[in-house]
Protein chains: 2
Amino acid sequence: MNTDQIEWIAADWGTSNLRCWAMSETNEVLFRAESNQGMGPITSGHGDFELALLELIQPWLRSGKRISVAACGMVGAKQGWIEAPYSAAPCSPITERITAPTRSTEIEVFIHAGVKQLDPADVMRGEETQIAGLLVNSPDFEGLVCLPGTHTKWATVSDGHIQRFQTYLTGELFTLLAEQSVLRLTLAPEGWSEPAFLDALLSAVKSPESLLSDCFSLRADALLNELDGVEARSRLSGYLIGQEIANTMKGPAPDRIALIGSDEIVEIYRVALDALGWKAEIFPSETTVLAGLAKGNASFDN
Amino acid sequence: MNTDQIEWIAADWGTSNLRCWAMSETNEVLFRAESNQGMGPITSGHGDFELALLELIQPWLRSGKRISVAACGMVGAKQGWIEAPYSAAPCSPITERITAPTRSTEIEVFIHAGVKQLDPADVMRGEETQIAGLLVNSPDFEGLVCLPGTHTKWATVSDGHIQRFQTYLTGELFTLLAEQSVLRLTLAPEGWSEPAFLDALLSAVKSPESLLSDCFSLRADALLNELDGVEARSRLSGYLIGQEIANTMKGPAPDRIALIGSDEIVEIYRVALDALGWKAEIFPSETTVLAGLAKGNASFDN
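Residue numbers run consecutively from 1 along every chain, following the written order of its sequence. To label them, take the chains in the order written and letter them from A, then take the ligands in the order written and number them from 1. Per-residue local features of the predicted model are confined to residues with pLDDT of at least 70, and side-chain atom pairs are confined, for both listing and counting, to 80 or more; whole-chain, interface and lining totals are unaffected and use all residues.

1. Things to note about the overall build of chain A
(1) Moving on: Strands here are runs of E lasting at least two residues and helices are runs of H or I lasting at least four, both read from the DSSP assignment and numbered beginning at the N terminus. Helix and strand content of chain A: eight helices and 14 strands.
(2) Moving on: Restricting the calculation to C-alpha atoms gives the radius of gyration, and the globule rule supplies 2.2 Å times the number of residues raised to the power 0.38. Relative to the 2.2 N^0.38 estimate, which gives 19 Å for 302 residues, the radius of gyration of chain A is 21 Å and therefore close to what a compact globule would have.
(3) Moving on: Considering only C-alpha atoms, chain A reaches an extent of 70 × 40 × 35 Å along its principal axes.
(4) Moving on: Within chain A, contacts between residues at least 6 apart in sequence are counted, and of these 67% link residues at least 24 apart. By definition, residue pairs are in contact when their C-beta atoms, positioned from the backbone, come within 7 Å.

This is the structure in structure tokens:
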């Protein structure tokens, strides 16, 4: 491994995972590394965050040279390495960062501030860096940015700022219902039926108030009519995402819609929005977060 | 304990608990007994159901006399003692029962049929007996019957029949969100604020499509504005019950509304319905289910 060209290290550090990239001076990716040491599993304080990071990036370090690590995500939460501040929307997606305490002299770790909204109350950590990356790649982007995940975010972006945003419990609720509720007896553990998903989605957009009975009906349909497990799984996803999108669509249609996230989930959202007449553009998660982290790295270097 | 007067035994056997009553010839309650041996904890088949029942009612048995046990609830599910049939709504709440296999010659166990609805698919086991009891006590009842619980049921009753019904995952979802989601960090484990509940309820009835963001906003409000844990707990309940009632209220206002369930939860529903202009009558759970089991016992004796 030739580490001579490594100029800085980018880190996307969420609740479940830590992803790191060794970056060149021109922001090319030289090496990648990933572990399951997200904020969630690390519970014993500062030192353990530093150990988890060093374990992953040790091969990239050179003795005698201190290297910058630019990080974003839940690592900046109260339960994280150090609590990073929140910027208050409306705001630029990257406004400040905080230095994390380290024992090693080989690394200097910066964590991006999150973004908060006071009324209605909302918070993000990590998504602001994705939005910064989107604006690097599409500087004149105006519209809605959707970042699907455990806690899906919808942000209104204009004039280079996050104007306002809203978080939905959609992903977490899907997992809880699929794995822990009575629906676990009915849903297949994987598999996908797009027609079932779209049918449930359209029904949820039309009648969002029936979510809690729609969910139970999957169990009853399995008991009485042998509803297929894959179809049940896809319908549950359609009911939840449909209700989320029904709420989003209360606002005016945006000029553009950006989807940022993992391939599988953004494709599901793209299909859903398309079925409802909204065309969305997909921005790959890795290049987008890296553009945002590089933007931060450059801004604060100057 | 004088067991001479015991004529038959009533059993309400749900997922979590088994409740038994020793009944006189005139359907007076002579003795009560309860255990946590619901259908859920019993997994190894017929024999274990019989043992769980005998453990509870052994003191009531007299040698040489075979006694009838009339049971309702999830004990008749596929995973229960024996699968009881479903009657198809519209139907009388009690139409048939099934005899459970027993080794003991001291008991003869009957389980009430559940009720199913094919489209939209729905099922109940136990609630039909509560509705039968309601009709014993109020033979001319016409209207909506709400049975709040883990899976809350709303049934339309007229002409002595269950015309149709709908099940909501409300109670189970509340427990999952309160104990297992990110909201567990925010919600108090107990406590109640009626103003917070009603405020969230009215907001949910107005905007049922915002449930998934309303839920997350509790977490954000705690992080940013130090939202009180009891208030958060009450608001979550308001969002969920509000969405359920919003769906119910799509139909016409009924002549009467009956609430059957435990004291605490029916009072919450009564307050919620009252705030929305619907007056509900409370029917105590124990006397109602006993009236239903007695009705069944008498019907099939003849």
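2. Quick look at the sheet that holds strand β1 (residues 8–13) of chain A
Residues and elements named next belong to chain A.
(1) Moving on: The six strands lie next to each other as β3-β2-β1-β4-β7-β6, forming an open sheet whose pairing is mixed. Each end of this open sheet is capped by a strand with a single partner; those strands are β3 (29–35) and β6 (97–100). Each adjacent strand pair in this sheet contributes to an overall mean axis angle of 25 degrees, direction not counted.
(2) Moving on: Paired strands, as defined in this entry, are two strands with at least two bridges between them according to DSSP. Direction of pairing for strand β4 (residues 67–72) relative to strand β7 (residues 107–112): parallel, over a ladder of five bridges. Opposite I67, over in β7, you have I107 as the bridge partner. Note on method: axes are straight lines fitted to C-alpha atoms, helices fitted across the in-contact stretch only, with angles between N-to-C directions ranging 0 to 180 degrees.

3. Describing the relation of the copies chain B and chain A
(1) Moving on: When the copies are superposed, the least-squares fit draws on C-alpha atoms of residues that have pLDDT of at least 70 in both. For the pair chain B and chain A, the superposition axis carries a translation of 0.0 Å, the fit reaches an RMSD of 0.0 Å, and the rotation angle comes to 180 degrees. The transformation just described matches what one would write down for a two-fold rotation axis.
(2) Moving on: By residue overlap, the copies meet face to face through one surface: 100% of the interface positions of chain B are interface positions in chain A.

4. A few points about the pairing of strand β4 (residues 67–72) of chain B
(1) Moving on: The pairing of strand β1 (residues 8–13) of chain B with β4(B) spans five bridges and is parallel. Looking across to β4(B), one finds that B:W8 is bridged to B:S68.

5. Observations regarding the packing of helix α6 (residues 229–248) of chain A against helix α5 (residues 211–225) of chain B
(1) Moving on: Where α6(A) meets α5(B), the axes come as close as 8 Å, and the angle between the chain directions of the two elements is 85 degrees. As far as their axial angle goes, α5(B) and α6(A) are roughly perpendicular. Between α6(A) and α5(B), the contacting residues are A:L240, A:Q243, A:E244 and A:N247 on the first element and B:L211, B:L212 and B:S213 on the second.
(2) Moving on: Three classes are used, and their members are as follows: Ala, Val, Leu, Ile, Met, Phe, Trp, Tyr, Cys and Pro are nonpolar, Asp, Glu, Lys and Arg are charged, and the others, Gly among them, are polar. Class assignment for the residues of the contact of α6(A) with α5(B) results in three nonpolar, three polar and one charged. Orientation is classified from the angle alone, with under 35 degrees giving roughly parallel, over 145 giving roughly antiparallel, 65 to 115 giving roughly perpendicular, and any other angle giving oblique.

6. Points about helix α4 (residues 194–206) of chain A
(1) Moving on: The end-to-end C-alpha distance of α4(A), which contains 13 residues, comes to 18 Å, matching closely the 18 Å that a straight helix rising 1.5 Å per residue would cover.
(2) Moving on: Tucked into the core, α4(A) has its buried residues touching α5 (211–225), α6 and α7 (263–275) of chain A. Expected span of a helix: the number of residues minus one, times 1.5 Å.

7. Side note on the domain arrangement of chain A
(1) Moving on: The split into domains, and so the bounds of each, comes from an automatic or database assignment of domains. Under the domain assignment used here, chain A contains domain 1 (8–125) and domain 2 (168–284).
(2) Moving on: Using C-alpha coordinates to define each centre, domain 1 of chain A is positioned 32 Å away from domain 2 of chain A.

8. A closer look at helix α4 (residues 194–206) of chain B
Residue and element names in this part refer to chain B.
(1) Moving on: To sort residues by burial, count the other C-beta atoms lying within 10 Å of each one's C-beta; a count of 20 or more means buried, 12 or fewer means exposed, and anything in between means partly exposed. C-beta atoms are built from the backbone. Taken together, the buried positions of α4 are occupied by A196, F197, A200, L201, A204 and V205. One side of α4 carries all its buried residues, which in axial view fall inside an arc of 160 degrees. What points out from α4, more than 90 degrees from its buried face, is the exposed set P195 and K206.
(2) Moving on: Turning to α4, the residues buried within the fold contact α5, α6 (229–248) and α7 (263–275). What the arc describes is the spread of directions from the helix axis to the C-beta atoms.

9. Brief notes about the interface of chain B and chain A
(1) Moving on: The interface of chain B with chain A comprises 37 residues on the first partner and 37 residues on the second.
(2) Moving on: Those elements that place two or more of their residues in the side of chain B that touches chain A are β9 (122–124), β12 (161–168), α3 (170–180), α5 and α6 of chain B.
(3) Moving on: For the side of chain B that touches chain A, the element with the highest residue contribution is α5(B), accounting for eleven residues.
(4) Moving on: Residues belonging to the side of chain B that touches chain A are distributed by class as follows: 19 nonpolar, twelve polar and six charged.

10. Describing the nonpolar core
Soluble globular proteins: nonpolar side chains tend toward being buried together.
(1) Moving on: For this analysis, nonpolar core means a set of buried Ala, Val, Leu, Ile, Met, Phe, Trp, Tyr and Cys residues linked through C-beta atoms within 7 Å. Grouped together as the largest cluster of nonpolar side chains are 184 residues, with contacts concentrated most on A:I9 and B:I9.
(2) Moving on: Those residues in contact with A:I9 that sit more than four places away from it in its chain are A:C20, A:W21, A:A22, A:M23, A:I57, A:W60, A:I67 and A:V69.

11. Concerning unusual backbone geometry
For residues besides glycine, phi is generally negative; the peptide bonds are generally trans as well.
(1) Moving on: A cis geometry characterises the amide bond from B:A89 onward to B:P90, with omega recorded as 0 degrees.
(2) Moving on: Topologically, B:P90 is positioned in the loop between β5 (86–88) and β6 (97–99).
(3) Moving on: With an omega dihedral of -5 degrees, the bond running from B:D119 to B:P120 counts as a cis peptide bond.
(4) Moving on: The residue B:P120 is located in the loop between β8 (114–117) and β9 in this model.
(5) Moving on: Unusually for a residue other than glycine, A:E226 sits at a positive phi of about 55 degrees.
(6) Moving on: Positionally, A:E226 belongs in the loop between α5 and α6.

12. Description of the sheet that holds strand β9 (residues 121–124) of chain A
(1) Moving on: Pairing within the open sheet is mixed, and its three strands lie in the order β5-β8-β9 (chain A). Looking at which strands have only one partner, the edges of the open sheet turn out to be β5 (86–88) and β9 of chain A. Strand-to-strand twist across the sheet, computed as the mean angle between neighbouring axes with direction ignored, equals 25 degrees.
(2) Moving on: Together, β8 (114–118) and β9 of chain A form the strand contacts of α5(B), whose direction differs from that of β9(A) by roughly 90 degrees.

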